[in-house]
Amino acid sequence: MRSAHYGKVDFLVVRCVTLQTANFFHFSHRCDENPARDQMKTRILHLLCIILPHTLTTQKHSRKSKQSRDNMSKVNPIQAIKANIQCRCGTVKGSIDSPSALRFVCYSKDCREYYNALNALAKRADKPEAAVLDPFGGCDFTQIYPCEITILEGQDQLETRLIRKNSPIPRTYAKCCFTPLFSTGSTGAALLNSNLLSPEDQHCEVKYRIIGRHALKGDGSVPKPSMSWSVPFGWFFAMPKRCQPDKAQPSPVEVKDIKELKILEGFVDEK
């Protein structure tokens, strides 16, 4: 309410100044010999009285909003993470040691349906759902590198699948409880399921929320966070630098030929 009050005061002040300026010009030219031209000037000046206050106050508050967004983006920069991870049932255990971790939430249909497929498999096996989506259908990822992930126990429980033929992204989950673990690719990046980290070990705040056009509406229990329709402009500067093929090995899973990987059962392709 306070910000709205000051916004209204700003608008009234600017409009008052604009109106006084318009009156000054109007009365200084009231002896114009051309009545038609004088009438046109009056109309233009009155129109400025309406448009200019909106323009100036909007620009002012836009600058404040931009400054606020910039400050928010500087609060939680990319951080180092060193922690233990495990699947829901605890059969698969591992560790990560990354000096540079970036956390983001993806609302794409592919990621959501991958998680839904794993939950459907868990339900069929009478196990609790282990693939956690946010209230708007988003998947929480922490981007690190394959060489920074070490599997300590349960290597035989790792299952790697594709969601469709010719997909470039192998996705690995724990078949003991259908917990999504991570995905890898030829770029050298690895997308770790952020929910594998305990709250005490999760030091990174969400930096990006991408593919917001595919987000669900939610049930209204929590406010919908700000998200990009596709990807934010900063994504094009940050992510290419984070694609480092030299960090793809050693990898926690060995994929000799991606074309030989099986398609995940139950995946619903909405494309």
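Nothing here was measured: the structure is a model prediction, and the numbers come from that model.

1. Observations concerning the overall build of the protein chain
Then step 1. Of the regular secondary structure elements, the protein chain holds four helices and nine strands.
Then step 2. Along the protein chain, from the amino end to the carboxyl end, the secondary structure elements read α-α-β-β-α-β-β-β-β-β-β-β-α.
Then step 3. Restricting to contacts in the protein chain with at least 6 residues of sequence separation, those with at least 24 account for 71%.

2. Comments concerning the nonpolar core
Then step 1. Phe-104, Tyr-114 and Leu-118 are the most contacted members of the largest nonpolar core, which has 24 residues in total.
Then step 2. Only strand S2 (93–106), helix H3 (109–124), strand S3 (139–144), strand S9 (208–210) and helix H4 (235–241) provide two or more residues apiece to this core.
Then step 3. The element best represented in this core is H3, accounting for seven residues.
Then step 4. Residues within four places of Phe-104 in sequence aside, it is in contact with Cys-139, Asp-140, Phe-141, Gln-143, Leu-191, Val-206, Tyr-208, Ile-210 and Trp-235.
Then step 5. In this structure, Ile-81, Ile-85, Ile-149 and Leu-158 belong to the second largest nonpolar core, which totals 22 residues.

3. Section: a nonpolar patch on the surface
Then step 1. Together, Phe-233, Phe-236 and Phe-237 make up an exposed nonpolar region whose accessible area comes to about 400 Å².
Then step 2. Tracing the backbone shows Phe-237 in helix H4.

Conventions used here
Residues numbered from 1 in each chain as written. Predicted model: local features only at pLDDT ≥ 70, side-chain atom pairs only at ≥ 80, totals over all residues. Heavy atoms only, no water. Helix = DSSP H or I, 4+ residues; strand = E, 2+ residues; numbered from the N terminus. Contact = heavy atoms within 4.5 Å. Core = buried A, V, L, I, M, F, W, Y, C linked by side-chain atoms within 4.5 Å. Buried < 20%, exposed > 50% of the residue type's maximum accessible area, 1.4 Å probe, protein only. Patch = residues over 30% accessible without salt bridge, like charges linked within 9 Å, V, L, I, M, F, W, Y side chains within 5 Å. Areas by Shrake-Rupley, 256 points an atom, 1.4 Å probe, with all protein chains shown as cover. Salt bridge = Lys/Arg side-chain N within 4 Å of Asp/Glu carboxyl O.

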